[in-house]
Amino acid sequence: MKGILSIQSHVVYGHAGNSSAVFPLQRMGFEVWPLHTVQFSNHTQYKQGWTGKAFPATELIDLVKGINNIDQLKNCEAVLTGYQGSADQCLAIIDTVKTVKQQNPNAIYICDPVMGDPEKGCIVADGISEYLINDVMPLADVIVPNQFELSQFVGMTINTLDDAVKACQHALTLGPKMVLVKHLHSLSADKFSMMLATKDGCYLAQRPHLAFDNQPVGVGDLISSLFTGGLLKGWSAEQAFEHAHNACYAVLKETHRRGEWELQTIAAQDEIVAPTEIFPITEIK
């Protein structure tokens with residue numbers, strides 16, 4: 001039984017982290033092995049707060065060891081990581097990726113480098129951003145940063161399309177083979193923009209910007225999972241990128257239609273497999 005090891009946060013209520021990433025991958029036909037870095041009652045943007053805790057890094061290592069003990073890491077096709085609850089967990093991620101690749105050299109590592117972003121109200125523990133930038137992201141085959149996280153990784157300010165292209169190209173020299181920028185907020189006020197960069201070129205995807213009273217959380221986790229699924233299906237990076245873009249929009253559109261804050265991944269599940277609205281990507285010359 002081949003699977004995807006998804007090491008991310010988990011919320012009991014709603015959709016963020018593994019609670020956003022696991023079902024779309026399952027709906028695309030994959031076995032997913034969710035490993036939770038934290039367990040919270042709900043995502044952290046609720047004004048009422050949240051309850052829960054981060055798990056010790058030793059628990060992550062122990063659980064991976066258990067999977068290895070039953071000789072199943074050889075069947076791990078990909079490691080997908082998102083929100084980390086401590087700096088020590090970043091070290092556990094590095095250890096896990098190396099162990100998986102020892103057992104299956106063909107396994108790929110997709111890293112969604114969730115960092116603290118004061119403008120978004122996203123807070124991570126001390127040391128996480130530094131480990132991500134210096135140790136975790138260079139180890140990844142694919143990184144899925146937002147504009148802020150990409151700028152931190154490459155040490156460049158991004159204000160224009162040209163800036164974004166240069167930043168992606170620089171990121172490709174630091175270890176990753178693909179860069180999917182899950183949100184470029186500087187490019188357009190009325191369109192949501194994403195970018196893909198590989199050795200073959202850079203591609204832009206844009207879709208209508210949907211205005212929410214409260215911006216949904218877990219969108220990046222959804223994008224990372226959809227892109228991972230596309231790659232493992234054997235699609236080209238461009239095909240996987242376009243599908244992730246269109247399927248994510250479909251989920252957001254259903255969420256907007258229902259006037260909800262939490263992503264409506266269950267209601268939009270058929271669109272995850274076959275989106276009905278297509279926004280073709282364009283190559284940036």
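Residues numbered from 1 in each chain as written. Predicted model: local features only at pLDDT ≥ 70, side-chain atom pairs only at ≥ 80, totals over all residues. Heavy atoms only, no water.

For the chain, the name recorded in an unreviewed UniProt entry is Pyridoxal kinase PdxY, with Photobacterium andalusiense as its organism. In the Subunit (unreviewed entry) part of its UniProt record, the chain is described as follows: "Homodimer." Here is the UniProt Function (unreviewed entry) comment for the chain, exactly as written: "Pyridoxal kinase involved in the salvage pathway of pyridoxal 5'-phosphate (PLP). Catalyzes the phosphorylation of pyridoxal to PLP." (UniProt positions renumbered as here; feature names shortened; annotations may be inferred.)

**Student:** Describe the environment of Thr157, naming the residues involved and giving the relevant values.
**Tutor:** Tracing the chain through its elements places Thr157 in the loop between helix H5 (147-154) and helix H6 (161-171). Remark: the alpha-carbon pair of Thr157 and Gln147, spanning ten residues in sequence, is separated by 9.3 Å. (Helix = DSSP H or I, 4+ residues; strand = E, 2+ residues; numbered from the N terminus.)

**Student:** Help me get a handle on the UniProt feature "binding site: ATP" (unreviewed entry) in the chain, residues and values and all.
**Tutor:** In the numbering used here, UniProt assigns the feature "binding site: ATP" (unreviewed entry) to Asp112, Val144, Glu149, Lys182, Arg207, Pro208, His209 and Leu210. Their sequence span is 99 residues, while the largest C-alpha to C-alpha distance among them is 23.4 Å; these annotated residues do not converge on one region. You can see Val144 is positioned in the loop between strand S6 (142-143) and H5. For Val144, the contacting residues outside a window of four places in its chain are Ile110, Cys111, Asp112, Pro113, Glu149, Leu180, Lys182 and Ser224. By the element assignment, Pro208 lies in strand S9 (residues 201-208). Accessibility expressed as a relative area gives 34% for Pro208, which makes it partly exposed. Setting aside anything within four residues of it in sequence, one finds Pro208 in contact with Asp190, Phe192, Tyr249 and Phe279. (Contact = heavy atoms within 4.5 Å. Buried < 20%, exposed > 50% of the residue type's maximum accessible area, 1.4 Å probe, protein only.)

**Student:** Provide a residue-level description of the UniProt feature "binding site: substrate" (unreviewed entry) in the chain, including the pertinent values.
**Tutor:** Here, the residues flagged by UniProt with the feature "binding site: substrate" (unreviewed entry) are Ser9, Thr44, Gln45 and Asp221. Given a relative accessible area of 31%, Thr44 falls into the partly exposed group. At 3.3 Å, the side chain of Thr44 forms a polar contact with the side chain of Gln45. Relative to the helices and strands, Asp221 is located in helix H7 (residues 219-232). What makes Asp221 buried here is its relative accessible area of 11%. Not counting residues within four places of it along the chain, the set of residues in contact with Asp221 comprises Gln8, Ala16, Gly17, Ser20, Ala21 and Asp112. A polar side-chain atom of Asp221 sits 2.8 Å from the main-chain amide nitrogen of Gly17. (Polar contact = N/O pair within 3.5 Å; in protein donor to acceptor, adjacent residues only side chain to side chain.)

**Student:** Can you tell me about the pattern of salt bridges, naming the residues and giving the values?
**Tutor:** Under the definition given, this model contains twelve salt bridges. Notably, a salt bridge pairs Asp112 with Lys182, separated by 2.3 Å at the nearest N-O pair. Linking Asp112 in the loop between strand S5 (108-111) and helix H4 (128-136) with Lys182 in the loop between strand S7 (178-181) and strand S8 (191-198), this pair joins segments that are 70 residues apart in sequence. The same class applies to Asp112 and to Lys182, which are both buried. Beyond isolated ion pairs, a larger network of salt bridges with shared partners links Lys101, Asp141 and Lys177. (Salt bridge = Lys/Arg side-chain N within 4 Å of Asp/Glu carboxyl O.)

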